[in-house]
Amino acid sequence: MRTGGTGGANTNRTGLIFENCLRRHEKGETYIINDITFLYLEKGGLARELPNHEYKRNLQPDAAYKNEETKTIFIFEYKNQTVPGSTDEKIQTGPFKLKKYEKRYPGYTFYFAYILSESWYNVPRYKDDIEILEESGIKIFWGKKIGRMEYETDFHLIDSWMTRQVLQSS
């Protein structure tokens, strides 16, 4: 770590702004997306909704949608980056996290997606990272900057993807 650097301060500041702009539901509430019911959870809320496991630490996703009828759970992680740093490498952990969810909760089918800042990650230097994630079953959606501190994503595209996966699980 660089002496005198801000470390995670910028990550928290810019990352939380990114997450908050793309968050569309209230945690713990039930939502109907394309006629399918989901419980929306964040961070530790997912672990509280699932059976106990033998591991000491729980994973804490930025967002999760749980459909109890089909035992399907969608995990979303948001990653925004404005300067080089450790978040660059965090996207590589998606396949590992997906395996951890599957191992801890074998009665559920998990799908994992990143919503990445388009201006940082949708460039040639991340082409191989994105390809490997997609080959590993990780879905990529883009968060687009539309103002100084504002972002948007295509929720219709996300909803369609989630709907297809649930229907295939039934």
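Structure first, text after, so check above.
Parameters and conventions
Residues numbered from 1 in each chain as written. Predicted model: local features only at pLDDT ≥ 70, side-chain atom pairs only at ≥ 80, totals over all residues. Heavy atoms only, no water. Salt bridge = Lys/Arg side-chain N within 4 Å of Asp/Glu carboxyl O. Buried < 20%, exposed > 50% of the residue type's maximum accessible area, 1.4 Å probe, protein only. Core = buried A, V, L, I, M, F, W, Y, C linked by side-chain atoms within 4.5 Å. Helix = DSSP H or I, 4+ residues; strand = E, 2+ residues; numbered from the N terminus. Contact = heavy atoms within 4.5 Å. Phe/Tyr/Trp six-rings, centres within 6.5 Å; stacked < 30°, edge-to-face > 60°. Pairing = 2+ DSSP bridges. Arc of directions from axis to C-beta.

Student: Outline the pattern of salt bridges, listing residues and values.
Tutor: Following the criterion strictly, the structure yields nine salt bridges and no others. Residues Glu68 and Lys71 are paired through a salt bridge, measuring 2.2 Å at the closest nitrogen-oxygen approach. A relative accessible area of 32% places Lys71 in the partly exposed class. Where salt bridges share partners, they join Glu49, Lys66, Glu68 and Lys71 into one cluster.

Student: Tell me about the nonpolar core, and name the residues and values.
Tutor: Counting 26 residues, the largest nonpolar core has Leu46, Ile75, Tyr101, Phe110, Tyr114, Leu116 and Ile140 as the members making the most contacts within it. With four residues, strand 5 (residues 109-117) is the largest single contributor of residues to this core. Those residues in contact with Tyr114, other than ones at most four positions away along the chain, are Glu77, Lys79, Lys90, Ile91, Thr93, Gly94, Leu133, Ile138, Lys139, Ile140 and Phe141. Listed in part, the 21 residues of the second largest apolar core include Ile33, Ala63, Phe141 and Met162.

Student: Residue-level account of the packing of aromatic side chains, with values.
Tutor: Throughout the structure, instances matching the rule amount to 15 aromatic pairs. Between Tyr40 and Tyr65, the ring centres sit 4.9 Å apart and the planes meet at 55 degrees, which makes this aromatic pair tilted. With Tyr40 in strand 2 (residues 36-41) and Tyr65 in strand 3 (residues 63-67), this pair connects stretches of sequence that are 25 residues apart. A single burial state applies to Tyr40 and to Tyr65, both of which are buried.

Student: Lay out the pairing of strand 4 (residues 72-79) in plain terms, naming residues and giving numbers.
Tutor: For a regular strand, the rule is simple: side chains alternate between the two faces of the sheet. Counting buried positions along strand 4 yields eight of eight residues, so the element is predominantly enclosed. Burial along strand 4 is two-sided: Thr72, Phe74, Phe76 and Tyr78 facing one way and Ile73, Ile75, Glu77 and Lys79 facing the other are all buried. Pairing analysis gives five bridges linking strand 3 to strand 4, with the strands arranged antiparallel. By the bridge assignment, Ala63 is partnered in strand 4 with Phe76. Hairpin connection, strand 3 to strand 4: the antiparallel pair is bridged by four residues, and Lys71 has positive phi, about 55 degrees. Direction of pairing for strand 4 relative to strand 5: parallel, over a ladder of eight bridges.

Student: Before we move on, could you go through the environment of Leu16 and cite the residues and values that matter?
Tutor: Relative to the assigned elements, Leu16 resides in helix 1 (residues 8-22). You can call Leu16 partly exposed: its relative accessible area is 44%.

Student: I'd like a description of helix 6 (residues 127-135), backed by residues and values.
Tutor: All of the buried residues along helix 6 are Asp129, Ile130 and Leu133. In an axial view of helix 6, the angular spread of the buried residues amounts to 95 degrees, which keeps them on one side of the axis. Facing away from the buried surface of helix 6 by more than 90 degrees, the exposed residues are Lys127 and Glu135. Against helix 4 (94-104), strand 5, helix 5 (118-121) and strand 6 (138-147) lie the buried residues of helix 6.

Scope: geometric values only; no functional claims are made or implied.
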